[in-house]
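# Chains, contacts and geometry: an overview
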Amino acid sequence: MTPDEVPDPGVQGSDSTERHTDRPIAIIGAGYAGLAAAVALADAGLTVDLFEASRTLGGRARSVDIDGLRVDNGQHILLGAYRDTLALMERVGAPTEGLARHPLRLDYPGRLSLAAPRLPAPLHLAAALARARGLSLGEKFAALRFMVSLRARRYRLGDDKSTGADSSVAELLRRHRQPATLCRYLWEPLCVAALNTPAHRASAQVFLNVLRDSLGADREASDLLLPRADFSALLPEPAARYLEARGTRIHRGRRIGRLSRTNAGWYLNERERGDDHGPYRQVLLATAPSHARPLLPPLPELAPLAAMLDAFEYEPIATAYLQYPATVALPFPMVGSAGGHLQWLFDRGALDGPAGLLAAVISAQGRHQALAPDELAQALHREIAALLAKSLPGLPPPRWHKVIVEKRATFACRPNLQRPPNLTAVPGLLLAGDYTAGDYPATLEGAVRSGQTAARSMLANRG
């Protein structure tokens, strides 16, 4: 009998549950889900070992060094609706000045400008649409009609006479007769920004969940929270200090390659070093689904979960950092672009970076994937120069550039996608991550919520 086939301690074949209760818990993955779970468990007085393959915590929202300059591995933003993430930041003592809060604002230079005033909801959204530049009266009315209809349906698809089956965002917009300009400059960009999946392939119901909790909630929920610190300093490092002060052991640069289970508990084996860690009474896989899949023990009861993880598809995110002269600045730290490769442009100099540093973001799959990094940077420069032609005529080429591509940045948030729960069919083995079952797409908030849900389950079954 192999270790993977031995019954789980405290469930079968054990005459003493009590001897397992003082065993630590292992969390594999120190992204936002793993950190959120670790904080909840540490607060409950449990001993936790946190393993991270990288030397830098944060998962897919972390800092990297470019010739001595610290930037993020990709440009990320938060929304005011991310209440659990913000509460976690406050809990671990993250710097409150790390996020710049702005009322909802969308700027497409020369195309569309929309800004929400500081009014109670839903008046803030109505006023934003009424004052928007670049939209006709009919288009403004169509957007308001859409939001009123969604609110009346409580942001659920269908009505009382239909099944409410999921569809694509593109189909949702077509059914609600949204004009092309609204789709191009408002709904489709919001869909790609939130779900990292093109509208014709994105889940309408998940998109509605995002609209419900942002545009459809109180005014602060739709606020843009732009980082004024690199993402490692924003949450992961404060969380690490918080955890270590409470006895959590954080193992950086330790890539776990295999899990096994014996009567004594769970054991973790490192891929490179070959070291074993354990025994643990519970293990939380807080990694991306593509990394969690090979860690699943070869147990028959985990076969359906393995098939579910194998079915996930992924979407990339490309972020190009371009360093222009210090005099180059955007009218607002975040502006949009449509029609080319560029989708969003961020002024890092107005946030936490050196003056003149811009971050160009391209979410999801697209034509840009056929270009080499230098070719993509050159194409983005041409689009930026055209975008800012009126405010910054004759924009010179960047002094340097760096393209960072996360090929599997998020799961593809398709309609009717089956997502696994936190609990697996094997007692003592749980999952956490933005891909697990929940209302949200692959966002930091989704990851934090999943980690906290997993921690609650672990605490409820700590024996």
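Residues numbered from 1 in each chain as written. Predicted model: local features only at pLDDT ≥ 70, side-chain atom pairs only at ≥ 80, totals over all residues. Heavy atoms only, no water.

Let us look at the overall build of the protein. When you go through the protein residue by residue, the secondary structure sums to 13 helices and 20 strands. The principal-axis extents of the C-alpha atoms in the protein amount to approximately 75 × 60 × 40 Å. Expressed as a percentage of its 463 residues, the buried residues of the protein come to 57%. A separation threshold of at least 6 residues defines the contact pool for the protein, and within that pool the share at least 24 residues apart is 70%. Put simply, the protein shows about 19,600 Å² of open surface, and 50% of that area lies on carbon and sulfur atoms. (Helix = DSSP H or I, 4+ residues; strand = E, 2+ residues; numbered from the N terminus. Buried < 20%, exposed > 50% of the residue type's maximum accessible area, 1.4 Å probe, protein only. Contact = heavy atoms within 4.5 Å. Areas by Shrake-Rupley, 256 points an atom, 1.4 Å probe, with all protein chains shown as cover.)

Turning next to the sheet that holds strand β15 (residues 314-323). The strand order β16-β17-β18-β15-β19 describes an open sheet built from 5 strands, whose pairing is antiparallel. Of all the strands in the sheet, the pair left with one neighbour each is β16 (334-336) and β19 (400-411). Each strand of the sheet is rotated relative to its neighbour by a mean of 20°, with strand direction disregarded. Bridging between β15 and β19 involves 9 bridges; their strand directions are antiparallel. Along β19, the bridge assignment pairs Gln323 with Trp400. (Pairing = 2+ DSSP bridges. Axes fitted to C-alpha atoms, helices over the stretch in contact; angles between N-to-C directions.)

What follows is about the packing of aromatic side chains. We describe a pair of aromatic rings using the distance from one ring centre to the other and the angle between the two ring planes. One pass over the full model with this rule turns up 6 aromatic pairs. Both rings, one in Tyr108 and one in Trp344, keep their centres 5.9 Å apart while their planes meet at 55°; by these two values the pair is tilted. You can see Tyr108 sitting in strand β7 (residues 105-108) and its partner Trp344 sitting in strand β17 (residues 344-347), a full 236 residues away along the chain. Overall, the relative accessible area of 4% leaves Tyr108 in the buried class. (Phe/Tyr/Trp six-rings, centres within 6.5 Å; stacked < 30°, edge-to-face > 60°.)

Another point: the side chain of Arg419. Summarising the element assignment, Arg419 is placed in the loop between β19 and β20 (429-431). One buried charged residue, Arg419, forms no salt bridge at all, with the nearest opposite charge on Asp434 at 6.5 Å. Polar contacts involving the side chain of Arg419 include one to the main-chain carbonyl oxygen of Asp434, which spans 2.9 Å. At a separation of 3.1 Å, a polar atom in the side chain of Arg419 contacts the main-chain carbonyl oxygen of Tyr435. Ignoring sequence-local partners within four residues, the contact set of Arg419 consists of Met308, Phe312, Phe411, Asp434, Tyr435, Thr436, Ala437, Gly438 and Tyr440. (Lys, Arg positive; Asp, Glu negative; His and termini not counted. Salt bridge = Lys/Arg side-chain N within 4 Å of Asp/Glu carboxyl O. Polar contact = N/O pair within 3.5 Å; in protein donor to acceptor, adjacent residues only side chain to side chain.)

With that settled, consider the pattern of salt bridges. Pairs can form between side chains of opposite charge whenever their charged atoms are close. Taken as a whole and judged by the stated rule, the model has 23 salt bridges. Ionic pairing is found between Glu237 and Arg252, a salt bridge with its closest N-O pair at 3.2 Å. You can see Glu237 sitting in helix α9 (residues 236-244) and its partner Arg252 sitting in strand β10 (residues 249-252), a full 15 residues away along the chain. Residue Glu313 is joined to Arg414 by a salt bridge in which the shortest nitrogen-to-oxygen separation is 3.7 Å. A residue pair is termed long-range when its members are at least 10 positions apart, and Glu313 in the loop between α11 (303-310) and β15 and Arg414 in the loop between β19 and β20 qualify at 101 residues.

Moving on, we come to the side chain of Gln452. Relative to the elements of secondary structure, Gln452 occurs in helix α13 (residues 444-460). If near-sequence neighbours (up to four positions away) are discounted, Gln452 is found in contact with Ala36 and Asp84.

The next subject is the sheet that holds strand β14 (residues 282-285). Read across the open sheet, the 5 strands follow the order β10-β2-β1-β14-β20; overall the sheet is parallel. Edge strands, defined here as strands with exactly one partner in the open sheet, are β10 and β20. Pairwise comparison of adjacent strand axes, ignoring direction, gives a mean angle of 15° for this sheet. Note that strand β1 (residues 25-28) and β14 share 4 bridges and pair parallel. The residue bridging Ala26 from the neighbouring strand is Val283, located in β14.

Once that is clear, we can look at unusual backbone geometry. Between Ala121 and the following residue, Pro122, the backbone shows a cis peptide bond with an omega angle of 0°. Within the element layout of this structure, Pro122 appears in the loop between β8 (112-115) and α3 (123-131). Gly278 connects to Pro279 through a cis peptide bond whose omega is 0°. Assignment of secondary structure puts Pro279 in strand β13 (residues 276-280). Its identity is not glycine, yet Asn196 carries a phi of approximately 50°, on the positive side. The topology assignment puts Asn196 in the loop between α6 (180-195) and α7 (204-213).

Before going further, it helps to examine the pairing of β14. Look at any regular strand and the pattern is simple: side chains alternate between the two faces of the sheet. In β14, alternate side chains face the same way, and those of Gln282 and Leu284 on one face and Val283 and Leu285 on the other are all buried. Two strands pair when backbone bridges link them, and β14 and β20 are joined in this way by 3 bridges, in the parallel orientation. Each bridged residue has a counterpart across the sheet, and for Leu284 the counterpart in β20 is Leu430.

Okay, α9 next. The buried fraction of α9 is high, at 7 of 9 residues. Residues of α9 that are buried include every one of Pro236, Glu237, Pro238, Ala239, Ala240, Tyr242 and Leu243, and no others. Of the surrounding secondary structure, the elements contacted by the buried residues of α9 are α1 (32-43), β2 (48-52), α2 (83-91), α8 (231-234) and β10.

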